[in-house]
Amino acid sequence: MVDGFVPTTVEEALELKAKFPELVPYAGGTDLMVENRPEVDYLFLNRLCDLKHVTEDDEHIRIGSGVTFTKAIADPLVPQVMKDALVKIAAPAIRNAGTFGGNLGNGSAKADSVLVEYALGALIRVGSVDGDRTVPVHEFYRGRKQLDLAPNELILEVLLPKANLGPYYYEKVGGRRALAISRVAFCGVLTTEANADGNEVIRSISPSFGAVSGTVLRFPELERQFEGLTREQAAKQRLSFVTAYEDHLKLTEGRVSAAYRRQVCLNLLGAFLDAVGI
Amino acid sequence: MDEIRFTLNGEAVAYDGSAADRLLDVLRDVYDDRSVKCGCKEGECGACAVLIDGELVNSCMVAMGAVDGSAVVTLEGYRETDRFRALDKAFAEVTAVQCGYCIPGMVLAAEATLAKHPHPTDDQIREGLSGNLCRCTGYNAIAQAVANAAEEANGLW
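Residues numbered from 1 in each chain as written. Chains lettered and ligands numbered in written order. Predicted model: local features only at pLDDT ≥ 70, side-chain atom pairs only at ≥ 80, totals over all residues. Heavy atoms only, no water.

On to the pairing of strand β4 (residues 55-58) of chain B, then. The sheet contact formed by strand β3 (residues 49-52) of chain B and β4(B) spans four bridges and is antiparallel. Residue pairing for β4(B): Ala49(B) is matched across the bridge by Asn58(B). (Pairing = 2+ DSSP bridges. Helix = DSSP H or I, 4+ residues; strand = E, 2+ residues; numbered from the N terminus.)

What follows is about the sheet that holds strand β2 (residues 24-26) of chain A. Strand order in this open sheet of three strands is β1-β3-β2 (chain A), and the pairing throughout is parallel. This sheet does not close on itself; its edge strands, each paired only once, are β1 (4-5) and β2 of chain A.

Attention now moves to the sheet that holds strand β7 (residues 131-136) of chain A. Residues and elements named next belong to chain A. Strand order across the open sheet formed by five strands is β4-β5-β10-β6-β7, with antiparallel pairing between neighbours. At either margin of the open sheet sits one strand with a lone partner, and together these are β4 (54-56) and β7. Taken pair by pair, the neighbouring strands of this sheet meet at an average axis angle of 25°, ignoring direction. Relative to strand β10 (residues 154-161), strand β5 (residues 60-64) runs antiparallel, the two sharing five bridges. Along β10, the bridge assignment pairs Arg62 with Leu159. Across the sheet, helix α1 (residues 10-19) touches β6 (123-128) and β10, and the angle it forms with β10 is around 125°. (Axes fitted to C-alpha atoms, helices over the stretch in contact; angles between N-to-C directions. Contact = heavy atoms within 4.5 Å.)

This part covers helix α3 (residues 82-93) of chain B. All names here are of chain B. With twelve residues, α3 extends 17 Å between its outermost C-alpha atoms, agreeing within 8% with the 16 Å of an ideal straight helix rising 1.5 Å per residue. Every buried residue of α3 is accounted for by Phe84, Ala86, Leu87, Ala90 and Phe91. An end-on view of α3 places all buried positions within 160° of arc, on one side of the element. Looking one or two residues beyond α3, the residue adopting positive phi is Thr95, at roughly 50°. (Expected span 1.5 Å × (residues − 1). Buried < 20%, exposed > 50% of the residue type's maximum accessible area, 1.4 Å probe, protein only. Arc of directions from axis to C-beta.)

Moving on: a positive patch on the surface. Residues and elements named next belong to chain A. Residues Lys110, Arg144, Lys145, Arg183 and Arg255 make up a contiguous surface patch of positive charge. Mapping Lys145 onto the fold places it in the loop between β8 (141-143) and β9 (146-147). Classification of Lys145 by relative accessible area gives partly exposed; the value is 44%. (Patch = residues over 30% accessible without salt bridge, like charges linked within 9 Å, V, L, I, M, F, W, Y side chains within 5 Å. Areas by Shrake-Rupley, 256 points an atom, 1.4 Å probe, with all protein chains shown as cover. Salt bridge = Lys/Arg side-chain N within 4 Å of Asp/Glu carboxyl O. Lys, Arg positive; Asp, Glu negative; His and termini not counted. Charge placed at Lys NZ, Arg CZ, Asp CG, Glu CD.)

Quick look at the layout of surface pockets now. In this structure, the second largest pocket encloses a volume near 1,200 Å³. Forming the walls of the second largest pocket are 38 residues, and the residues nearest its centre are Arg95(A), Arg126(B), Glu127(B), Gly128(B) and Ser130(B). Secondary-structure elements contributing two or more residues to the lining of the second largest pocket are α3 (69-74), α5 (92-95) and β11 (168-173) of chain A together with β4, α4 (103-116), α5 (122-128) and α6 (139-152) of chain B. Class assignment for the residues of the lining of the second largest pocket results in 17 nonpolar, ten polar and eleven charged. (1 Å grid on protein atoms, 1.4 Å probe; cavity = no way out; pocket = protein on both sides within 12 Å on 5 of 7 lines; lining within 4 Å. Points joined across faces, edges and corners; volume = space filled by probe spheres on them. Nonpolar A, V, L, I, M, F, W, Y, C, P; charged D, E, K, R; others polar.)

On to the packing of α4(B) against α6(B), then. Residues and elements named next belong to chain B. The interhelical angle for the contact between α4 and α6, taken along N-to-C directions, is 45°, at an axis separation of 11 Å. Relative to α6, the element α4 lies oblique. When you trace α4 past α6, the crossing you get is right-handed. Residues Met106, Ala110 and Leu114 of α4 pack against Tyr139, Ile142, Val146 and Ala150 of α6. Split by residue class, the contact of α4 with α6 holds seven nonpolar, no polar and no charged. (Parallel < 35°, antiparallel > 145°, perpendicular 65-115°, else oblique. Left-handed = near helix turned anticlockwise from the far one by under 90°.)

When the parts of a complex come together, some accessible area is lost, and that lost area is often taken as the interface size. Residue and element names in this part refer to chain A. Segmentation of chain A into domains returns domain 1 (49-162) and domain 2 (166-275). With centres defined by C-alpha atoms, the gap from domain 1 to domain 2 works out at 21 Å. Contact with domain 1, which involves 21 residues of that partner, is made by 23 residues of domain 2. Carbon and sulfur atoms make up 66% of the area that domain 1 and domain 2 hide from each other, which totals about 1,900 Å². Applying the counting rule to domain 1 against domain 2 returns two salt bridges. Here Lys172 and Asp112 are joined by a salt bridge, their closest N and O atoms 2.9 Å apart. In this structure, the connection of domain 1 to domain 2 is made through eight residue pairs in polar contact (both at pLDDT 80 or more). (Domains from an automatic or database assignment. Buried area = accessible area lost by both parts, 1.4 Å probe. Polar contact = N/O pair within 3.5 Å; in protein donor to acceptor, adjacent residues only side chain to side chain.)

Okay, the pattern of salt bridges next. Counted by the stated rule, this structure contains 25 salt bridges over all chains. The partner of Arg95(A) in a salt bridge is Glu127(B), with the nearest N and O atoms 2.4 Å apart. Placement of Arg95(A) in helix α5 and of Glu127(B) in helix α5 is noted, with the two residues assigned to different chains. Given the relative accessible area of 7%, Arg95(A) is considered buried. A relative accessible area of 36% places Glu127(B) in the partly exposed class. Residues joined by salt bridges that share partners form a network here, namely Asp57(A), Arg62(A), Arg125(A), Asp132(A) and Glu157(A).

What follows covers the environment of Thr191(A). All names here are of chain A. With respect to the secondary-structure elements, Thr191 resides in strand β12 (residues 184-194). Separated by 85 residues in the primary sequence, Thr191 and Val276 have C-alpha atoms spaced 9.8 Å apart. Within polar-contact distance, the side chain of Thr191 engages the side chain of Ser204 at 2.5 Å.

Right under this line is the structure:
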């Protein structure tokens, strides 16, 4: 075999990527092999045990980039909001191979695990021979198929902040139950905290929209309207909150029309607000 | 490394072609395992499903370099097992097979399902087969066959 590399450690993989930046990282193969490019030299990462961990520290659930969706679904540390998305990805044979790193690296706004990462404010840890760095997922995606990933870097880990877990709403709208590419997907999470007066107020709210534009869409400037309010106060401002989203949802045409996507996005936003009591 | 070493249906083999070659093509054209069917080449039909290290995977979505060190099982190997004989009988009894193109993938998906759920619910069976398309008999007969095989298996899974 002269045209591919099978490193056995992450260090070896990073050294190879530094030496041969044109190598295409291969995790599960489920996106790459659709193109089936015989001329490509792959850097096979599927044997790297160091990328297959699910662990936690005080602040984060840490998911290795080589963790398959099947493994994550079975892991007690993986948050339910993520599992709700994972069980609807494709079908068992794809979930047995597809990974978190591959879903990110493919750069698509239709990546269902990435949508949940946006809603949870996830961090992506990437590495090279020069060291590691951690970048928020919304900055990691610069545009459609454009990632903040240098040619000598590899995606190592996804970090889900525990503080951003809370009541959530997830829905995937596809053409069928299995093997469906999202036409619209939605994930939103609500977190609350006690304010100085001891009232439970909204700390964060994260409506996120997948598969409707070049990247997943999330609007922090609109989310601020509800921050610091009680649910009751937020409910009174619901109309203006939703109207602001109506104004901001500039969607692309795709397999379905932009108008359809926009209406579905707004319906799902409403269902999310209902679900979290706003 | 010089070649890709793996086991195919229990037999050690070494492949010296390109690491970018597709497992589906290599199984059919090099090892003559013609049970592995090419339906869609994009992971949407399950006709090329094989077991890699015991897990169901679509062989159209696997590059040979990823197979290095793995155990690959196709229907050519699986059909020598008692589990296959139980599924074979169950599929025949409810006429779950018509053209047969999807059946190798269906049978291996059934094996993966029953290995995980020896006493499956109907939902678990349908979930297990959800990546495999059939355009002849439809899914009810196939799901029934898997349920019957599980019931009559006597501890095979």
